[in-house]
Amino acid sequence: MDNGKIKELPCKYHMNGGDGPKSYAKNSEYQKQLLGYSKKVMDELIQQQLDVGLNPHFDGCNPFRIADFGCSTGRNTYLAAQNIIEAVEQKYKSNEEDPQVPEFLVFFNDLVQNDFNTLFNYIHSNKPNYFGAGVPGSFHGRVFPKAFLHFAHSSMALLYLSRIPEEVKDRNSAAWNKGRIHYSCSGAAKEVEAAYSAQFRKDIEAFLDARAEELIPGGLMVIITLGILDGVLPSECSMGVNFSILGSCLEDMAKMGIISEERLDSFNLPYYYTSHMELETLIKAHGCFDIARFEKLPTPFRQVVHDIQTVVLSIRVVTEGLFEEHFGKDIIEELFQRYAEKVGSHPVLYDDKYRTEASYFVFLKRKTNTSKPGT
């Protein structure tokens, strides 16, 4: 198994830090709702799949080690850890032969640019019932020793690519994405989506390689990610429309000389929205994990999607750092003001035909005595 780490992007892959009105911590209700939707099914599967009393790695005398990959900042990662611990405690207590509950050690992983200060201020102010530690580094490579973790968790993080495919920035390539900021933008060539998809496949393989090494045999993993429904064109989903609108704002600013056309042509957002079929195929092909459950979660924000401020802030907190790094901070307020004006008059705010995103819940179990095929 290849343990080499993918080189991290110089790009600042982090959500808006702090706890102010434009922070991720104050504008991540969508992500919080997904954790709530997944709690019941995760509880059920932990009771079914956690081999307490059968696997010596789950001896209650030893600490139970959990990692949240792509934890970001704010309360959601704390909520995820609490949900996991409560379900695991219940499983240990139900073991009549040895009901001893272990101590818990929770690791919070994200890139080094993440606002860990705000994260730990929040966690420790809530007096957690576990020991916590921050582990900076890319989850596309190993960040823990072999056979170390009992439970891995990652919510809304795997849609971030480790890097932008080089061909979408190459003017001599059929995948050059001139004048657009994402493969889902209207008019993007099919080669652009193919380049993003190829990078996603590499990233998922690297992520699964690393977690297969780090998890004990029989260890569990939950993945929650935002994707699209099978058969839906990316340009027809609300994110595609929103990115097209954002791109058109940058085009307008380029025409006015506020930014250069060259800078615009070299910028692409690092998100990839997989489908159920694509992700399931990649996990099965990897070969180190059994899929205990793969299902679509309810869609948050159904009742408030027409709120312009909510839409703008939900986009801004996850993209502002990327725009600022590439174009400079002086354009940020104007960019999102233009975006608010355009999106406010677009049917994407209220027309259900654009609601083709899908949030997927995947529950995996590390196979025992199994390495990646071909290694």
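Procedures and definitions
- Residues numbered from 1 in each chain as written.
- Predicted model: local features only at pLDDT ≥ 70, side-chain atom pairs only at ≥ 80, totals over all residues.
- Heavy atoms only, no water.
- UniProt positions renumbered as here; feature names shortened; annotations may be inferred.
- Helix = DSSP H or I, 4+ residues; strand = E, 2+ residues; numbered from the N terminus.
- Pairing = 2+ DSSP bridges.
- Axes fitted to C-alpha atoms, helices over the stretch in contact; angles between N-to-C directions.
- Contact = heavy atoms within 4.5 Å.
- Buried < 20%, exposed > 50% of the residue type's maximum accessible area, 1.4 Å probe, protein only.

As recorded by an unreviewed UniProt entry, the protein chain carries the name S-adenosylmethionine-dependent methyltransferase and is attributed to Nicotiana attenuata. Entered under Sequence similarities (unreviewed entry) in the UniProt record, the comment concerning the protein chain runs "Belongs to the methyltransferase superfamily. Type-7 methyltransferase family."

A. The environment of Ile245, seen in detail. Residue position: Ile245 is located in helix α5 (residues 238–255). In the structure, Ile245 is positioned 97 residues away from Lys342 in sequence and 7.0 Å away in space, judged by C-alpha atoms.

B. Looking closely at the sheet that holds strand β7 (residues 357–366). Here we have seven strands laid out as an open sheet, ordered β3-β2-β1-β4-β5-β7-β6, and mixed in their pairing. Each edge of the open sheet is held by one strand with a lone partner, namely β3 (131–136) and β6 (289–297). Between one strand axis and the next, the sheet turns by 15 degrees as a mean value, whatever way the strands run. Packing of helix α2 (residues 76–93) onto the sheet brings it into contact with β1 (64–69), β2 (104–110) and β4 (149–155), and relative to β2 it is tilted by some 150 degrees. Its contacts with the sheet put helix α4 (residues 190–214) on β1, β4, β5 (215–228), β6 and β7, and the angle it makes with β5 is roughly 155 degrees.

C. Region of the structure containing the pairing of β7. The buried fraction of β7 is high, at ten of ten residues. In β7, alternate side chains face the same way, and those of Glu357, Ser359, Phe361, Phe363 and Lys365 on one face and Ala358, Tyr360, Val362, Leu364 and Arg366 on the other are all buried. Here β5 pairs with β7 via nine bridges, running antiparallel. Pairing of Leu220 across the sheet is with Lys365, part of β7.

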